[in-house]
Amino acid sequence: MCYFRRLDILRTKITAAAHYLPERRVTNLELQKTVDTSDDWIVERTGIRERRVAAKGQATSDLAAEAVKLLLQKRGIDASEIDLIIVGTVTPDMFFPSTACLVQHKIGAKKAWGFDLSGACSGFIYALATGAQFIATGAHKKVLVIGADVMTSIIDFEDRATCVLFGDGAGAVLLEPAEPGEVGIMDSLLRSDGSGGEYLYMPAGGSLNPPSVETVQRKMHYVHQDGKNVFRYAVRGMADISAEILEKKRHSFQRHQALHSPPGKSSNH
Ligand SMILES: CC(C)(COP(=O)(O)OP(=O)(O)OC[C@H]1O[C@@H](n2cnc3c(N)ncnc32)[C@H](O)[C@@H]1OP(=O)(O)O)[C@@H](O)C(=O)NCCC(=O)NCCS
């Protein structure tokens, strides 16, 4: 027998945010000494002047845990109150245990469960949308969403096409139910397109090309990128989806207005 009841959807809000960056800074001028690039080229194309680099032995869970400690302090709550931890990362400390579990242990969130979410550049947004569902359905009251990466662990510092772009750091937000009438996450629209995988990928280390002397020698454990295609796809994709979600919200706003306006009055906002 199945038992059904009406599902009350709650709105999710971000109640605290924090970040952590490793101390070491690598400026464009420093990179200029080792690869054929220039401060002017990097700033003009990307706006980047420096990036942070994790210390030896400092892993993704370390950066994430520091960000979370700050966040808990800001919100004034204890780690034991956290229900769920989601870590968006492509540079987990190791395949398993998940970085979320390592963070859980480091911060002492004994009641929480957690998992990693692999969405590369979109990882934090995917994790945010996923975490918000657990609040919206009433399953959890406090969800930690973290975006953390030690990208320098998979960057070839001899490849000027990628080494100027990536750095290390962690950001964390706490999701909680919004009170009635409060502002919260209204909606999300997510897409992915696997056909573009050849433009930004790390070929080895997984089940297709397990680590071997050959994969290391062929630099297959580094990020490979066709920057031009990624740029084209990302700009077009972001613009299209931004217009799409605005349109979607415009429709639902109009529906709401029509339902709640007194008879005879119409609104054209
Ligand atoms: C990487 C990026 C800044 C490169 O800018 P671009 O104007 O497209 O540059 P191109 O790749 O066309 O390269 C132009 C020239 O600069 C050279 N170049 C590439 N990297 C360079 C660097 N770091 N320094 C100097 N020259 C460089 C190229 O070799 C090329 O030379 P060529 O014309 O002699 O072949 C841009 O493509 C980009 O932002 N891509 C998206 C990257 C991204 O966001 N990735 C992750 C997000 S999901």
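You'll find the structure just up there.
The following refers to the structure shown. (Residues numbered from 1 in each chain as written. Predicted model: local features only at pLDDT ≥ 70, side-chain atom pairs only at ≥ 80, totals over all residues.)

1. A word on the site of the ligand
By nearness alone, 15 residues border the ligand, and Thr37, Cys121, Arg160, Gly227 and Phe231 come closest of all. Broken down by element, the residue count for the shell around the ligand peaks at 5 residues, all from helix α8 (residues 227-260). When the residues that make up the shell around the ligand are grouped by side-chain class, the tally is 9 nonpolar, 3 polar and 3 charged. (Near = placed C-beta within 6 Å. Helix = DSSP H or I, 4+ residues; strand = E, 2+ residues; numbered from the N terminus. Nonpolar A, V, L, I, M, F, W, Y, C, P; charged D, E, K, R; others polar.)

2. Concerning the sheet that holds strand β5 (residues 113-117)
Ordered by their spatial adjacency, 5 strands build an open sheet running β1-β7-β6-β4-β5, and the pairing between neighbours is mixed. Edge positions in the open sheet fall to β1 (12-20) and β5, since each of these has one partner strand only. When strand polarity is set aside, the average angle formed by the axes of neighbouring strands in this sheet is 20°. Summarising the sheet, strand β4 (residues 84-88) and β5 pair through 5 bridges and their orientation is parallel. Bridge pairing links Gly88 to Leu117 in β5. (Pairing = 2+ DSSP bridges. Axes fitted to C-alpha atoms, helices over the stretch in contact; angles between N-to-C directions.)

3. Observations regarding the nonpolar core
Grouped together as the largest cluster of nonpolar side chains are 51 residues, with contacts concentrated most on Ala64, Val68, Ile85, Ile146 and Ala172. Mapped by element, the contributors of at least two residues to this core are β1, α3 (60-75), β4, α4 (99-107), α5 (123-136), β6 (143-150) and β7 (168-177). Beyond its immediate chain neighbours, meaning those up to four positions away, Ala172 contacts Ala18, Ala64, Ala67, Val68, Leu71, Leu144, Val145 and Ile146. (Core = buried A, V, L, I, M, F, W, Y, C linked by C-beta atoms within 7 Å. Buried ≥ 20, exposed ≤ 12 C-beta atoms within 10 Å, placed from the backbone. Contact = placed C-beta atoms within 7 Å.)

4. Points about unusual backbone geometry
At the junction of Phe96 and Pro97, the peptide bond is cis and its omega measures out at 0° in the coordinates. Despite not being glycine, Ala120 shows a phi value in the positive range, around 45°. Within the element layout of this structure, Ala120 appears in the loop between β5 and α5. The residue Lys219 is not glycine, and still its phi comes out positive at about 55°. Structurally, the position occupied by Lys219 is in the loop between α7 (213-217) and β9 (224-225). The exposure class of Lys219 is partly exposed, given the 13 C-beta atoms found within 10 Å.

5. A short note on the pairing of β7
Burial within β7 is extensive, with 7 of its 10 residues counted as buried. Of the pairings in the sheet, the one linking β1 to β7 comprises 8 bridges and is antiparallel in character. Bridged to His19 within β7 is Gly171.

6. Here's the deal with α5
An α-helical turn contains 3.6 residues, so any two residues separated by three or four positions project in the same direction. The terminal C-alpha atoms of α5, which comprises 14 residues, lie 20 Å apart, in line with the 20 Å expected from a rise of 1.5 Å per residue. Listing the buried residues of α5 in full gives Gly123, Phe124, Tyr126, Ala127, Leu128, Gly131, Ala132, Ile135 and Ala136. Residues of α5 that are buried in the fold lie against β1, β4, β5, β6 and β7. (Expected span 1.5 Å × (residues − 1).)

7. A closer look at the environment of Phe166
Note that Phe166 resides in the loop between α6 (160-163) and β7. Along the sequence, Phe166 and Arg51 sit 115 residues apart, while their C-alpha atoms lie 7.1 Å from each other. In contact with Phe166, not counting residues within four places along its chain, are Arg51, Met151, Thr152 and Ile155.

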